[in-house]
Amino acid sequence: MPDTHRDAKTATLSFGDKTLELPMLTPTAGPDVIDIRKLYSQGGVFTYDPGFTSTASCDSTITYIDGDKGELLHRGYPIDQLAEKSHFLEVCYLLLYGDLPTADQLEDFESRVTSHTMLHEQMQYFFRGFRRDAHPMATMVGVVGAMSAFYHDSTDIHDPWQREVATIRLIAKMPTIAAWAYKYHIGQPFIYPRNDLDYAANFLHMCFAVPAETYNVNPIIARAMDRIFTLHADHEQNASTSTVRLASSSGANPFACIAAGIACLWGPAHGGANQACLEMLREIGSPNRIPEFIERAKDKDDPFRLMGFGHRVYKNFDPRARVMKQSADEVLELLGIENNPTLQVAKELEAIALKDDYFVEKKLYPNVDFYSGIILDAIGFPTSMFTPIFALARTVGWVSQWKEMIADPQLKIGRPRQLYVGATSRDYVDVENR
Ligand code: CMC
């Protein structure tokens, strides 16, 4: 923790016969933070915060979210400006290195990423070991974890050069891995990357081209794909990013840590929500069934939730959802499917939920996953590919956060405490006496 953020202010905590003065830290944006690092050594107590709703687990300079304002900044730049004016690889550079690149820096970065798009040929056999009907996320967790076995020359986290090579490899190879997980799943031949295409266009090519005929990437679809990547690039200390940080805190290699992040992202409360959301919209099927699903979402005895709605941090709106909705309109118009029934259900569901007292009071708004599935479906991806695409895009965020953490001289292994409520010490009883 840099001392520059240490404030003269303190917080006073009294309990029992003790009074502690706890230092306060002032961020560049966001609420002040009470530094409780010495709480146990000085006060002999822990804090209790399941789900980390009030706990900052690290300091970071990468991404800032103001949930009440609905603001998302990467290195200070608003996400809507980046989505409109920038492109994914430039945003990758910004997240990784802290500033927007000059033209030369961008060219160099793009060329480094492009020259690492191929996978070690032996990895094909690794893919072939999976069942064809495996979910592409299952394949991705396995293959990305296996990168540590294929690229051990970039697993020494103490060597800055190896860290940089691992960074470039992960960003460059993730589209190839996601596309090959898909190709394997649908029984088509793997398509090798084409380095004359940009990042998003190359991904579409690897997913949709077949050896038997020419595939021309539509530039507007490629732009929409690139925007989806940009909107998912990073999101500060969410569950998968915190998983990557926790895994890396032990000194594990970057490929293993990113595989851990992919595993965490898979869950329907996190990255898996995009698949779950489109499946829900299809299940609703027509606007007249919306009230029934709204009632289910409000029913405490029904585990059903409106997928693509709500967020731990955004309590006003998710700025990514706004851009995503606009992109959905553009892509569907381009493809001549503006009257897509799923989009109609989504728009109507959003309008009804935003007027409903339950959603208003709990500040539940559409999140990034509400419209992304509609675009991905229109582009031609099956729902099983939605979360792998999220993982592909989030890789740069995970890697940026990992790099930041590893470079911190005060790095400590992450090791939470617990509130133990189990049995106290008792003597073993032989089986015949139980
Ligand atoms: N539908 C119905 N009720 C909801 C929903 C929803 N989608 N989300 C939250 N609530 C209710 C919840 O039941 C709770 O009510 P009560 O206070 O009466 O118990 C209240 O709102 C607060 O919910 P919470 O679960 O305590 O909030 P959280 O911050 O722990 O969870 C969330 C955030 C995103 C997991 C949750 O809103 C959710 O499950 N949403 C649906 C899944 C989803 O769309 N996830 C994608 C998140 S954005 C992409 C990403 O970052 O991965």
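As the structure is a prediction and not an experimental result, all values here were calculated from the model.

Chemist: Before we move on, could you go through the overall build of the protein chain and cite the residues and values that matter?
Modeler: The number of helices and strands found in the protein chain is 18 helices and 6 strands. Expected size for 434 residues packed as a compact globule is a radius of gyration near 22 Å; at 23 Å, the protein chain falls within 12% of this value. With respect to the three principal axes, the spread of C-alpha positions in the protein chain is 80 × 65 × 55 Å. Counting the 434 residues in the protein chain, one finds 47% classified as buried. Long-range pairs, those at least 24 residues apart, make up 69% of the contacts in the protein chain with a sequence separation of at least 6.

Chemist: I'd like a description of the site of the ligand, backed by residues and values.
Modeler: Contacts to the ligand come from 22 residues, most closely from His270, Leu306, Gly308, Arg312 and Lys362. The contact in question runs from an oxygen atom of the ligand to an N or O atom on the side chain of His270, over 2.5 Å. Between the ligand and Phe309, the relevant distance is 2.9 Å, taken from a nitrogen atom to a main-chain nitrogen or oxygen of the residue. In isolation the ligand offers 940 Å² of accessible surface; the protein chains occlude 76% of this area.

Chemist: Now, about the pairing of strand E4 (residues 63–66): what can you tell me, with residues and values included?
Modeler: Here E4 runs beside strand E5 (residues 71–74); their pairing, made up of 4 bridges, is antiparallel. Across the sheet, residue Thr63 finds its bridge partner in E5, namely His74. The hairpin formed by E4 and E5 contains 4 residues between the paired strands, and Gly70 there has a positive phi angle of roughly 70°.

Chemist: Before we move on, can you summarise the packing of helix H9 (residues 219–231) against helix H18 (residues 386–406) with the specific residues and values?
Modeler: The contact between H9 and H18 brings their axes to 8 Å, and the two run at 65°. Accordingly, the angle class assigned to the pair H9 and H18 is roughly perpendicular. The chirality of how H9 crosses H18 is right-handed. Residues Met225, Ile228 and Phe229 of H9 lie in contact with H18, whose contacting residues are Ile389, Leu392 and Ala393.

Chemist: Any details on the pairing of E5? Residues and values, ideally.
Modeler: Here E5 runs beside strand E6 (residues 77–78); their pairing, made up of 2 bridges, is antiparallel. Counted as the bridge partner of Leu73 is Pro78 from E6.

Chemist: Can you tell me about the packing of aromatic side chains, naming the residues and giving the values?
Modeler: As enumerated under the stated definition, the model contains 26 aromatic pairs in all. Aromatic side chains Phe208 and Phe381 sit 4.8 Å apart centroid to centroid with 50° between the ring planes, which places their arrangement in the tilted category. Of the two residues, Phe208 sits in helix H8 (residues 199–208) while Phe381 sits in the loop between helix H17 (369–379) and H18, which places them 173 residues apart along the sequence. On the basis of relative accessible area, Phe381 is assigned to the buried category, the value being 2%. Feature note: the residues Phe88, Tyr182, Tyr199, Phe203, Phe208, Tyr215, Phe229 and Phe381 constitute an aromatic cluster, connected by ring pairs. Positioned above the aromatic ring of Phe317, the side-chain terminus of Arg322 is 4.0 Å from the ring centre.

Chemist: Requested: an account of the side chain of Asp35, with residues and values cited.
Modeler: By secondary structure assignment, the location of Asp35 is in the loop between strand E3 (33–34) and helix H1 (39–43). Its relative accessible area of 8% is what places Asp35 among the buried residues. Looking at Asp35, its side chain comes within polar contact range of the side chain of Arg37, at 2.8 Å.

Chemist: I'd like a description of the sheet that holds E5, backed by residues and values.
Modeler: Either a parallel or an antiparallel arrangement is found when strands of a sheet pair, and the pairing is made through backbone hydrogen bonds. The strand order E4-E5-E6 describes an open sheet built from 3 strands, whose pairing is antiparallel. The outermost strands of the open sheet, each flanked by one partner alone, are E4 and E6.

Chemist: Residue-level account of unusual backbone geometry, with values.
Modeler: Although it is not a glycine, Phe52 sits at a positive phi angle of roughly 50°. Mapped onto the fold, Phe52 is located in the loop between H1 and E4. Residue classification places Phe52 among the exposed residues on the basis of a relative accessible area of 54%. Of note, the phi angle at Arg75 is positive, near 50°, even though the residue is not glycine.

Chemist: Tell me what's going on with the pattern of salt bridges, and back it up with residues and numbers.
Modeler: Where side chains of opposite charge bring their charged atoms close, a pairing between them can arise. Enumeration over the complete set of coordinates arrives at 20 salt bridges. Across the pair Arg131 and Asp133 runs a salt bridge, and its minimum N-O distance is 2.7 Å. Between Glu404 and Arg245 there is a salt bridge, with the nearest N and O atoms lying 2.8 Å from each other. Residue Glu404 is located in helix H18, and its partner Arg245 is located in helix H10 (residues 239–248); the two are separated by 159 residues in the primary sequence. In this structure Arg245 comes out as buried when scored by relative accessible area, which is 7%. Ionic contacts of the salt-bridge type, sharing partners, join the residues Asp108, Arg112, Glu164 and Lys403 into one network.

The rules behind the values
- Residues numbered from 1 in each chain as written.
- Predicted model: local features only at pLDDT ≥ 70, side-chain atom pairs only at ≥ 80, totals over all residues.
- Heavy atoms only, no water.
- Helix = DSSP H or I, 4+ residues; strand = E, 2+ residues; numbered from the N terminus.
- Rg over C-alpha atoms; globule rule 2.2 N^0.38 Å.
- Buried < 20%, exposed > 50% of the residue type's maximum accessible area, 1.4 Å probe, protein only.
- Contact = heavy atoms within 4.5 Å.
- Near = heavy atom within 4 Å.
- Polar contact = N/O pair within 3.5 Å; in protein donor to acceptor, adjacent residues only side chain to side chain.
- Areas by Shrake-Rupley, 256 points an atom, 1.4 Å probe, with all protein chains shown as cover.
- Pairing = 2+ DSSP bridges.
- Axes fitted to C-alpha atoms, helices over the stretch in contact; angles between N-to-C directions.
- Parallel < 35°, antiparallel > 145°, perpendicular 65-115°, else oblique.
- Left-handed = near helix turned anticlockwise from the far one by under 90°.
- Phe/Tyr/Trp six-rings, centres within 6.5 Å; stacked < 30°, edge-to-face > 60°.
- Lys NZ or Arg CZ within 6 Å of the ring centre and 35° of its normal.
- Salt bridge = Lys/Arg side-chain N within 4 Å of Asp/Glu carboxyl O.

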